[in-house]
Amino acid sequence: MIPRLRPLIGAREVRAALTPPRGGDCERFEVAFAGLVGARYALAFPYGRSALLLLLEALGLRDCEVITPAITCVVVPHAVVCSGNRPVFVDVEEGGFNMDLALVPPRVTGRTGAIIATSMYGYPCDLDMLEAVRARFPRDIPVIQDCALTLDARWKGRPVHKAGVAACYSLNISKVVSSIFGGVVATDSEALHARLQVLRDERLRPASWGKGLKRLLYLLAILPVFSPPIYALVNKLERSGLLNRFTYPIEEDQVIGMPRDYLEGMAGIEARVGIANLRRFDEVVRRRREAAEVYFQHLNLDGFVLPPRLENSTYSHFVVRVSRRDEWLERCLRRGLQLGQVVPYSVPELPSYGAHRPDEFPRAAQVARTVINLPIWGGRRLAERVVDIVREVHREIEGQV
Ligand SMILES: *Cc1c(COP(=O)(O)O)cnc(C)c1O
């Protein structure tokens, strides 16, 4: 069985997890993180969504409208709502996966408090477009870069995470690198960093001993889960949502809310595992780019719409669009290839966000209904195996029509 995702976590991370806490683990993690992304400051949080929520608070936003992509992780609008603000959705760009920045100016009002630009699937936000659009706003509106799916997005060489007041990140186990769970806000602004730090100290309670233990057990549990024979066994459970439940304890797309422990600080063990895993970042990205290259070369198939080919993408997911998605998932699975479907919803269509009709956010609707993602974590060799299976399934599906 080839799993749709597999974190690059091994002996190094387990060793780090089992190292006795020394105090200052989180600070060391923050220094390592800031160093990797080249930010002056980084602050650690229990989840990416907690990071975003407190960042919105630190920016002083309340009862504001926050411009949010229609295609993003649903926990992003949850954080907006839970911070006392309201998401205003914007459709996805033509042919890509990021928010269509050209559609932002008409959504800006007197109440707009921030714009959450997102680099979906590792595709950098178009900074030229962002600048052009900002020049049309009547006043300066803070831009938050959601870099949860990429630690090093660059638009024509310029780091995306610096094109705003701050960037927020997620390091849960399904992301490119991981601290088990965990989130970060990185910024170059001394004033914002100071404000956010005070707010964090006020609002977050220190991680309990029990949290550290739970995180350790979680880490030890997921390692065997991701080994191929066991993964095949748990696949049935996984398909019923086990893995999602691992990362997302509540029914995220049904209910607006935050996990119970969203205000309990990052545990020392998460910080230590995070430091170890950050060191693998270059290798993780190299493998992903190699796999993507194989897919671009060998999967030019009818009705199998490849993603944009951008030199700087860090590919959190390799996203293809197909019309008969369920059939693809099922047939690949029968051959031992598990495909993912991230993100399978357009947020404004969810009942909790107003159940907008598909024609109000047509491109997001289309993306949500057609995306599949190919395993991208295993470099060239694994990608070649995936190519063989995908070509076979493609022949079958095409042969039927
Ligand atoms: C994963 C993710 C987040 C935040 O995730 P947490 O699970 O809260 O750490 C935010 N934005 C995007 C685009 C994501 O994919």
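Residues numbered from 1 in each chain as written. Predicted model: local features only at pLDDT ≥ 70, side-chain atom pairs only at ≥ 80, totals over all residues. Heavy atoms only, no water.

Take the overall build of the protein next. Helix and strand counts for the protein come out as 14 helices and 11 strands. In terms of principal-axis extent, the alpha carbons of the protein reach across some 60 × 55 × 40 Å. Burial status across the protein gives 60% buried among its 401 residues. For the protein, the computed accessible surface area is about 16,600 Å², with 53% contributed by carbon and sulfur atoms. Counting 53 positive and 45 negative side-chain charges, the protein places the centres of these two groups 4 Å from one another. (Helix = DSSP H or I, 4+ residues; strand = E, 2+ residues; numbered from the N terminus. Buried < 20%, exposed > 50% of the residue type's maximum accessible area, 1.4 Å probe, protein only. Areas by Shrake-Rupley, 256 points an atom, 1.4 Å probe, with all protein chains shown as cover. Lys, Arg positive; Asp, Glu negative; His and termini not counted. Charge placed at Lys NZ, Arg CZ, Asp CG, Glu CD.)

What follows is about the packing of helix α1 (residues 11-18) against helix α10 (residues 268-278). Packing of α1 against α10 leaves a shortest axis separation of 8 Å and a crossing angle of 150 degrees. On the basis of their axis angle, the class for α1 and α10 is roughly antiparallel. Note on packing geometry: the crossing formed by α1 with α10 is right-handed. Packed against α1, whose contacting residues are Arg12, Glu13, Ala16 and Ala17, the element α10 presents Ile269, Arg272, Val273, Ala276 and Asn277 at the interface. When its residues are assigned to classes, the contact of α1 with α10 shows 5 nonpolar, 1 polar and 3 charged. (Axes fitted to C-alpha atoms, helices over the stretch in contact; angles between N-to-C directions. Parallel < 35°, antiparallel > 145°, perpendicular 65-115°, else oblique. Left-handed = near helix turned anticlockwise from the far one by under 90°. Contact = heavy atoms within 4.5 Å. Nonpolar A, V, L, I, M, F, W, Y, C, P; charged D, E, K, R; others polar.)

It is worth spelling out the packing of aromatic side chains at this point. One pass over the structure, following the stated rule, counts 13 aromatic pairs. A centroid spacing of 5.7 Å and a plane angle of 85 degrees characterise the contact between Phe89 and Tyr353, whose relative ring orientation is edge-to-face. With Phe89 in strand β3 (residues 86-90) and Tyr353 in the loop between α12 (325-334) and α13 (362-370), the pair connects residues that are 264 residues apart, well separated along the chain. The pair Phe89 / Tyr353 is uniform in exposure class, with both members buried. Three or more aromatic residues link up through ring pairs in this structure, and these residues are Phe97, Tyr121, Tyr123, Tyr295, Phe296, Tyr315 and Phe318. Directly above the ring of Phe45 sits Arg200, whose terminal nitrogen or CZ lies 5.9 Å from the centroid. (Phe/Tyr/Trp six-rings, centres within 6.5 Å; stacked < 30°, edge-to-face > 60°. Lys NZ or Arg CZ within 6 Å of the ring centre and 35° of its normal.)

Turning next to the side chain of Arg321. Following the sequence through the fold, Arg321 ends up in strand β10 (residues 318-321). With no salt bridge to any partner, buried Arg321 finds its closest opposite charge in Glu94, at an N-O distance of 6.5 Å. Apart from the residues within four sequence positions on either side, Arg321 is in contact with Gly95, Phe97, Gly303, Phe304, Val305, Val367, Thr370 and Val371. (Salt bridge = Lys/Arg side-chain N within 4 Å of Asp/Glu carboxyl O.)

At a closest axis distance of 11 Å, the pairing of α1 and helix α7 (residues 209-225) adopts a crossing angle of 160 degrees. Between α1 and α7, the crossing angle belongs to the class labelled roughly antiparallel. Every pair of crossing elements has a handedness; the one defined by α1 and α7 is left-handed. Mapping the contact onto sequence places Glu13, Val14, Ala17 and Leu18 in α1 and Leu216, Leu219, Leu220 and Leu223 in α7. Looking at the contact of α1 with α7 residue by residue, the class counts come to 7 nonpolar, no polar and 1 charged.

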